[in-house]
Amino acid sequence: MTEKCTSINPEILSWARESAGYSLEDVCAFSSLKKYSEWENGRDFPTYTQLEIIASKFKRPLAIFFFPEIPKEITPKKSFRTIPEYELDLLSPTINFLFRKGLSMQENLKELKENQNTDYINFIEQIGDIDRFDSSILTKIRALLGISFETQFETNSREDMFEMWRNAFADNGIYVFKEAFKDDNVGGFCLYDEMYPVIFINNSTTKNRQIFTLFHELAHLLLKGNHVDLADRDYVEHLPNDSKSVEIVCNKFAGDFLVPNRLFNQMIAGKRINEAFIEQLANKFVVSQEVIARKLLDKNIITNAYYNKIANILKEAVQKNTSGKGHYYYSQIAYLGKRYVELILDKYNSSAISFEQAVDYSGIKAKNFGKLESFYIKTVYGGAF
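**Student:** Just checking my understanding: could you explain the overall build of the chain for this structure?
**Tutor:** Secondary structure assignment for the chain yields 21 helices and four strands. Burial status across the chain gives 49% buried among its 385 residues. Intrachain contacts of the chain at a sequence separation of at least 6 include 66% that bridge at least 24 residues. Carbon and sulfur atoms provide 49% of the accessible area of the chain, an area that totals close to 19,100 Å².

Right under this line is the structure:
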């Protein structure tokens, strides 16, 4: 179709590009969008085919470009207030898209749970108002998640441990989604809501980092805040004192929850601290060796120089997740999460939602939905999760 779309709003073209995280130079570099600057200033208009390319590139519905006004929406800059603006400006287009996807997932959960997330309400009521994370709060949260230290110690696989925590979160009304962020500096993010909080984890990072990020984001949710987790922690030093305090508290929560001081002190008493022992403790608690080294540093058992040496040696390089050997349906279930897929299938099979709704909630093509259900049954009950 070569006829030009003269009824579109050029201001929306500019808004869609900027909100997706692209500069004008970035977009004009694409061979099919060389005239984008002329479309933005209204001197020319794209064809319908070109508009489809734009919608696909910016991850926006095609119809939005025909809106009379720029739609109002929540943005990362408005949400991630504990992150300096210069860091937010560096977020990739993929992260901007995933932020919008996170908001969409919250809407999906609202509809699927029929405006009643009783699991999360009960979870929060049991914990109560939080102004600090002391040992009694950590004990209460672990009891609500239902995973004992014995289970944690007996689980050798980081991947299995992550899925246990993830399912426990969902059983308490906090759904965790995974994506390949295509941005090594972002480990994950959380979006707070009084009823439907969600966490997104970068599936391209190591399982050690995924587990730590999971609990770091949980701490932000319990403090009723949104957050994006950056690998480069130097930005924390540039935060206002109140935001810096929040980051320190959330890091400490994750470390203390996964490696409680009481047990840690018992295990290190009278032991010779070296790299082999640090690795042994990390395997015991199913965390990274850097988490153990940080605990030792905080207790003044090792020096800052020794910690930096350990951190540099053990720095976890971002690596591709090879779980499932690239199997499409395994990947979809891994990204959406077992509990979320289960929620969709339960609603669909009980006729509470239509086939079209089930497809929309799952985000896959209609022709693949039946295979997704079959693979879910096969893998879940076959022990793959």
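**Student:** Is there a simple way to explain the pairing of strand β1 (residues 175–179) in this structure?
**Tutor:** Working note: regular strand, side chains alternate between the two faces of the sheet. Judged by how many residues are buried, β1 sits mostly within the fold: five of five residues are covered. The alternating pattern of β1 places Y175, F177 and E179 on one face and V176 and K178 on the opposite face, and all of these are buried. In this sheet, strand β3 (residues 198–202) lies alongside β1 in parallel orientation, the contact comprising five bridges. Bridging across to β3, K178 finds its partner in I201.

**Student:** Help me out: how do you make sense of empty space enclosed by the protein in this one?
**Tutor:** Once rolled over the atoms, a probe with the size of a water molecule shows which space is left empty. Under the criterion given, the structure shown has two cavities of 30 Å³ or more. Of the pockets and cavities examined, the largest cavity occupies roughly 50 Å³. If you trace the largest cavity, you find it lined by R166, N167, A170, Y175, V176, F177, L336, G337, K338, R339 and Y340. Residues that form the lining of the largest cavity fall into these classes: six nonpolar, two polar and three charged. Volume-wise, the second largest cavity comes out at about 30 Å³. Lining the second largest cavity are L336, V341, I344, L345, S362, F369 and L372. When residues of the lining of the second largest cavity are traced back to their parent elements, those giving at least two are α19 (338–349) and α21 (366–382). A breakdown of the residues in the lining of the second largest cavity according to their chemical character gives six nonpolar, one polar and no charged.

Reading the values: the criteria
- Residues numbered from 1 in each chain as written.
- Predicted model: local features only at pLDDT ≥ 70, side-chain atom pairs only at ≥ 80, totals over all residues.
- Heavy atoms only, no water.
- Helix = DSSP H or I, 4+ residues; strand = E, 2+ residues; numbered from the N terminus.
- Buried < 20%, exposed > 50% of the residue type's maximum accessible area, 1.4 Å probe, protein only.
- Contact = heavy atoms within 4.5 Å.
- Areas by Shrake-Rupley, 256 points an atom, 1.4 Å probe, with all protein chains shown as cover.
- Pairing = 2+ DSSP bridges.
- 1 Å grid on protein atoms, 1.4 Å probe; cavity = no way out; pocket = protein on both sides within 12 Å on 5 of 7 lines; lining within 4 Å.
- Points joined across faces, edges and corners; volume = space filled by probe spheres on them.
- Nonpolar A, V, L, I, M, F, W, Y, C, P; charged D, E, K, R; others polar.

Bear in mind that shape data such as this cannot, by itself, settle questions of function.
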